[in-house]
Amino acid sequence: MFTGTLPFTDAERPYIALAPMEGLMDGVFRELLTAVGGIDHCVTEFIRVTQQVFPEKVFYRLCPELHNGGRTLSGTPVHIQLLGSDPELLAGNAAKAARLGALAIDLNFGCPAKTVNRSQGGAVLLQYPDLLNRIATRVRQAVPPHIPVSAKMRLGFKDKSLALDNAAALEAGGIQWLTVHARTKTEGYKPPAYWSWIAEIKKKVNIPVLANGEIWTPAQAQQCQQESTSDLLMIGRGLVATPDLARIIKEPGYQPMSWQEHLQLMVRMADQLPHLTDKQLTDRLKQWLHYFSMHSPEIKAVFDEVKKLRERAPFFAALPQH
């Protein structure tokens, strides 16, 4: 039985968690965004569990914050996410993460990637409520009682027919909260997100439910809270495109960052990645610029100018012109 404290017990509302975006939201990105402020906890990219209990170096690579008590340098807690379908292997890895200092364990039942689903991981498991229950049960048993275990799911795989059954199965397995991405695997990331389904799930379970999906603006955050009846939010791409979105949502009168300050964040990121080749670095920064440009015509002009550049010197030489 869980004996610890939930992270949002005494937190201000809305509570905002940073989503675990595979291939993007690594330790460097988490440091930058949590330093901006307004984020209450983060979740790592998933650790894909298929055949073994991983050595320590894997957990430290995916969650370097373990060297800092499981928190970013700005003090934001980081939870470790596991993905897989074998209850025993997931339990073994969860126990290992806990021994290394993980503040919480999250289980991924939401990833829509075909390569992941083909190997029986992520959203494909939403077709099997009994398996979800067995995974949650074993992981909860393997993790010390003071460390919370949570899960993230979509509304379903092909359709939403098992959404309530899946939520109930995970709750019965002993998780402390559930994050719901308000779309099915088939619906991917295309608008809209069906936040009203989260309200139905909240009626079904007696644990906290975080609402996730299609939150890009303060207005959408407010609408999500109304339709989902949850003031616990998880935001992913919206925080990539607008790094101070959490503060804009939470703090009336807050003066949002300028587009020039957004570009400065990219320079800070580059300083943290000296080991990357020029192409690796510029590809990474252009990925972030693309998100920035979705909400800023000024940054769209920057993106159009640098999107074909592959060497860091001309790339950064172009930035001061703006």
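Just above, that's the structure.
As a starting point, this report considers the structure included with it.

### Some remarks on the side chain of Thr179
In this fold, Thr179 is placed in strand S7 (residues 177-181). Discounting chain neighbours no more than four positions away, the residues touching Thr179 are Ala151, Lys152, Met153, Leu210, Asn212 and Met234.

### Concerning the pattern of salt bridges
Should the charged atoms of two oppositely charged side chains come close, the side chains can pair. In total, this model carries 15 salt bridges according to the counting rule given. Lys250 is the partner of Asp40 in a salt bridge, and the nearest nitrogen-oxygen pair spans 2.6 Å. Of this pair, Asp40 sits in the loop between helix H1 (27-36) and strand S2 (41-43) while Lys250 sits in helix H10 (residues 245-250), and the two are 210 residues apart along the sequence. On the basis of relative accessible area, Asp40 is assigned to the partly exposed category, the value being 21%. Its relative accessible area of 25% is what places Lys250 among the partly exposed residues. When salt bridges with common partners are traced through the structure, they connect Arg183, Glu214 and Arg237 into a single cluster.

### Focus: the environment of Pro218
Counting through the fold element by element, Pro218 comes out in helix H8 (residues 218-228). The partly exposed category is assigned to Pro218, whose relative accessible area is 36%. Once the C-alpha coordinates of Pro218 and Glu65 are considered, the two residues, 153 residues apart in sequence, prove to be 29 Å apart. If we skip the residues at most four places from it in the chain, Pro218 touches Leu245, Ile248 and Ile249.

### A few points about empty space enclosed by the protein
In this approach the atoms are scanned with a rolling probe the size of a water molecule, which exposes any empty space left behind. Taken as a whole, this structure holds one cavity of 30 Å³ or more when the rule is applied. Considering only enclosed or pocket space, the largest cavity measures out at about 30 Å³ in volume. Together, His41, Val43, His79, Asp106, Ser150, Lys152, Trp177, Thr179 and Met234 line the largest cavity. Among the elements of the structure, S2, strand S6 (149-154) and S7 are those that each provide at least two residues to the lining of the largest cavity. By residue class, the composition of the lining of the largest cavity is three nonpolar, four polar and two charged.

### Regarding the packing of H1 against helix H11 (residues 259-271)
When two helices pack together, their arrangement is given by the angle between the helix axes and the distance between those axes. Packing of H1 against H11 leaves a shortest axis separation of 10 Å and a crossing angle of 140 degrees. Classified by the angle between their axes, H1 and H11 sit oblique to one another. Relative to H11, the crossing made by H1 is right-handed. Residues Val28, Phe29, Leu32, Ala35 and Val36 of H1 form the contact with H11, whose own contacting residues are Leu265, Arg268 and Met269. In terms of residue class, the contact of H1 with H11 is built from seven nonpolar, no polar and one charged.

### Regarding the layout of surface pockets
Here the largest pocket is characterised by a volume of approximately 600 Å³. Surrounding the largest pocket, 33 residues form its lining, Pro20, Met21, Glu22, Lys152 and Tyr189 being those nearest its centre. Looking at the lining of the largest pocket, the elements that each hand over two or more residues are strand S5 (105-109), helix H4 (114-118), S6, strand S9 (232-235), helix H9 (237-241) and helix H12 (278-293). Taken together, the residues that form the lining of the largest pocket break down as 16 nonpolar, eleven polar and six charged.

### Things to note about the packing of aromatic side chains
Applying the stated criterion across every chain, the model contains five aromatic pairs. Here the aromatic rings of Phe8 and Tyr15 are separated by 5.2 Å at their centres, their planes lie at 85 degrees, and the arrangement is edge-to-face. The exposure class of Tyr15 is buried, given its relative accessible area of 1%. Here the aromatic residues Phe8, Tyr15 and Trp177 are joined through ring pairs into a cluster of three or more. Across the ring face of Tyr189, the terminal group of Arg154 is positioned such that the distance to the ring centre comes to 4.9 Å. Cation over ring: Lys160 sits above Tyr194, and NZ or CZ is 4.4 Å from the ring centre.

### Remarks on the pairing of S6
By the criterion of burial, S6 is predominantly enclosed, with six of the six residues buried. Neither face of S6 is open: one carries Val149, Ala151 and Met153, the other Ser150, Lys152 and Arg154, and all of them are buried. Inspection of the sheet shows S6 paired to S7 by five bridges, in the parallel sense. When the bridges of S7 are listed, Arg154 appears paired with His181. At this point the chain moves from S6, through helix H6 (residues 163-172), to the parallel S7, and the crossover so formed is right-handed.

### So, the side chain of Asp244
With respect to the helices, strands and loops of the structure, Asp244 is situated in the loop between H9 and H10. Other than its neighbours up to four places away in sequence, Asp244 contacts Val36, Tyr254, Pro256, Met257 and His262.

### Description of the nonpolar core
Grouped together as the largest cluster of nonpolar side chains are 97 residues, with contacts concentrated most on Phe109, Leu178, Trp288 and Leu289. Element by element, the count of residues in this core is highest for H12, at six residues. Sequence-distant contacts of Phe109, that is, excluding residues within four places in its chain, are made with Gly122, Ala123, Leu125, Leu126, Leu132, Ile135, Ala151, Lys152, Met153, Arg154 and Leu170. By size, the runner-up hydrophobic cluster in this structure holds ten residues, among which are Tyr15, Ala19, Leu210 and Met234.

Thresholds, definitions, all that
Residues numbered from 1 in each chain as written. Predicted model: local features only at pLDDT ≥ 70, side-chain atom pairs only at ≥ 80, totals over all residues. Heavy atoms only, no water. Helix = DSSP H or I, 4+ residues; strand = E, 2+ residues; numbered from the N terminus. Contact = heavy atoms within 4.5 Å. Salt bridge = Lys/Arg side-chain N within 4 Å of Asp/Glu carboxyl O. Buried < 20%, exposed > 50% of the residue type's maximum accessible area, 1.4 Å probe, protein only. 1 Å grid on protein atoms, 1.4 Å probe; cavity = no way out; pocket = protein on both sides within 12 Å on 5 of 7 lines; lining within 4 Å. Points joined across faces, edges and corners; volume = space filled by probe spheres on them. Nonpolar A, V, L, I, M, F, W, Y, C, P; charged D, E, K, R; others polar. Axes fitted to C-alpha atoms, helices over the stretch in contact; angles between N-to-C directions. Parallel < 35°, antiparallel > 145°, perpendicular 65-115°, else oblique. Left-handed = near helix turned anticlockwise from the far one by under 90°. Phe/Tyr/Trp six-rings, centres within 6.5 Å; stacked < 30°, edge-to-face > 60°. Lys NZ or Arg CZ within 6 Å of the ring centre and 35° of its normal. Pairing = 2+ DSSP bridges. Right-handed = clockwise from strand over helix to strand, strands pointing away. Core = buried A, V, L, I, M, F, W, Y, C linked by side-chain atoms within 4.5 Å.

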